[in-house]
Amino acid sequence: MYSTLRVQKHLRKVKLFRLLLSKKDKYILVRDPYKRLESFYRDKLGKHLDENKKWARSQKIFFKPLELEKMSVREKFKALNNLSFESFVKLLPEVYSKNRHLHPQNRLFKKIKHKRVLYMEKEEDLLFLAENLHLDLNIKANTTDKSKHHLEWTPNMISIVNNLYAEDFKLYNFERK
């Protein structure tokens, strides 16, 4: 959804201080933490994972914990390409604070006095967004849908996510696995 919003030609990015000063109604869009992490793993971590491209911030944050800083481009590419979903989740405690796509959502939205919380998993909320912001939700700007293979969650992985995103589960009433 973030990517879809970015490519809507009539929307523009607003600085946080302007948003906070605005008298307009504010809505926040939240996503189930498990689905959000699956999306990050599929899209942000693997996005344009190509030996000939520049590294994205979402990829660079894994260099230090994976001890890749002094490795060649090819070795970095191979390590990130081979990073399992389980290994990714186990690295979250070291990296989640380094990328806004991994930050707990309550931290992202804590300063915003919102009128309503919208949920990405609720069709009626997406329709509300589409109608009120005049969005074309058919525009897909990320690769998540292209790699929808099933990702397995172990009890240890669930525990890590439940701890890191405990406040999100509580505040937004997400169901824990």
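You'll find the structure just up there.
In this text the structure is predicted, and so the values were computed from the model without any measurement.

Rules used throughout
One numbering rule holds for all chains: residues counted from 1, following each sequence as written. Whole-chain, interface and lining totals are the exception, using all residues; otherwise, since this is a predicted model, local features are given only for residues with pLDDT of at least 70 and side-chain atom pairs are given and counted only at 80 or more. Excluded from the side-chain calculation are hydrogens and water; included are all heavy atoms of the structure. Numbering of helices and strands runs from the N terminus; a helix is a DSSP stretch of H or I covering at least four residues, while a strand is a stretch of E covering at least two. Each residue is assigned to one of three classes by its accessible area relative to the maximum for its type, calculated with a 1.4 Å probe on protein chains only: buried under 20%, partly exposed between the two thresholds, exposed over 50%. Two residues qualify as a contact provided that any one of their heavy atoms is within 4.5 Å of a heavy atom in the partner residue. In this description, accessible areas are obtained by the Shrake-Rupley approach with a 1.4 Å probe, and a residue is regarded as covered only by the protein chains that are shown. Under this scheme, a helix contributes an axis fitted over its contacting stretch, all axes are lines through C-alpha atoms, and angles between N-to-C directions fall in the 0 to 180 degree range. Note on convention: the crossing is left-handed when the near helix lies turned anticlockwise from the far helix by less than a right angle, right-handed when the turn is clockwise. Following the grouping adopted for this structure description, the nonpolar residues are Ala, Val, Leu, Ile, Met, Phe, Trp, Tyr, Cys and Pro, the charged ones are Asp, Glu, Lys and Arg, and the polar ones are all others, Gly among them. Between 65 and 115 degrees an angle is taken as roughly perpendicular, under 35 as roughly parallel, over 145 as roughly antiparallel, and anywhere else as oblique. Like-charged residues within 9 Å of one another, or nonpolar side chains (Val, Leu, Ile, Met, Phe, Trp, Tyr) within 5 Å, are grouped into patches, provided each residue has over 30% relative accessible area and no salt bridge. Any carboxyl oxygen of Asp or Glu within 4 Å of a side-chain nitrogen of Lys or Arg constitutes a salt bridge here. Residues scored as charged are limited to Lys and Arg (positive) and Asp and Glu (negative), so that His and the chain ends carry no count. To locate a charge, take atom NZ for lysine, CZ for arginine, CG for aspartate or CD for glutamate.

## What to know about the overall build of the chain
Okay, so step 1: Assigned secondary structure in the chain consists of 10 helices and 2 strands.
Okay, so step 2: Along the chain, helices (α) and strands (β) appear in the sequence α-α-β-α-α-α-α-α-β-α-α-α when read from the amino end.
Okay, so step 3: The burial tally for the chain puts 41% of its 177 residues in the buried class.
Okay, so step 4: For the chain, long-range pairs separated by at least 24 residues make up 74% of all intrachain contacts whose partners lie at least 6 apart in sequence.
Okay, so step 5: Per element, the accessible surface of the chain, about 11700 Å² overall, is 50% carbon and sulfur.

## Side note on the packing of helix α6 (residues 85-95) against helix α9 (residues 155-164)
Okay, so step 1: It is at 9 Å that the axes of α6 and α9 come closest, and there the two elements cross at 35°. The two elements α6 and α9 meet at a crossing, and its hand is left-handed. Residues F85, E86, V89, K90, L92 and P93 of α6 lie in contact with α9, whose contacting residues are N156, M157, I160, V161 and L164.
Okay, so step 2: Per-class residue counts for the contact of α6 with α9 are 8 nonpolar, 1 polar and 2 charged.

## Observations regarding unusual backbone geometry
Okay, so step 1: Not every positive phi belongs to a glycine, and E67 is a case in point at roughly 55°.
Okay, so step 2: By the secondary structure assignment, E67 is in the loop between α4 (57-60) and α5 (73-81).
Okay, so step 3: Here N173, not a glycine, exhibits a phi torsion of approximately 55°, which is positive.
Okay, so step 4: For N173, the position within the fold is in the segment after α10 (166-171).

## As for the packing of helix α3 (residues 33-45) against α9
Okay, so step 1: Across the interface, α3 lies against α9 with an axial gap of 10 Å and an inter-helix angle of 110°. Relative to α9, the element α3 lies roughly perpendicular. Across the interface between the two elements, P33, Y34 and L37 of α3 pack against I158, V161 and N162 of α9.
Okay, so step 2: A class-by-class count of the residues in the contact of α3 with α9 yields 5 nonpolar, 1 polar and no charged.

## Thoughts on a positive patch on the surface
Okay, so step 1: On the surface, K54, R57, K60 and R100 cluster together to form a positively charged patch.
Okay, so step 2: Given the relative accessible area of 62%, R57 is considered exposed.

## Digging into the pattern of salt bridges
Okay, so step 1: Counted by the stated rule, this structure contains 6 salt bridges.
Okay, so step 2: A salt bridge links E38 to R42, with the shortest nitrogen-to-oxygen separation between them at 3.8 Å. Taken together, the residues span about one helical turn, with E38 and R42 both in helix α3 at a distance of 4 residues. There is no split in this pair, since E38 and R42 are both buried.
Okay, so step 3: D125 is the partner of R116 in a salt bridge, and the nearest nitrogen-oxygen pair spans 2.8 Å.
Okay, so step 4: Given the relative accessible area of 30%, R116 is considered partly exposed.
Okay, so step 5: Under the relative-accessibility criterion, D125 is labelled buried at 4%.

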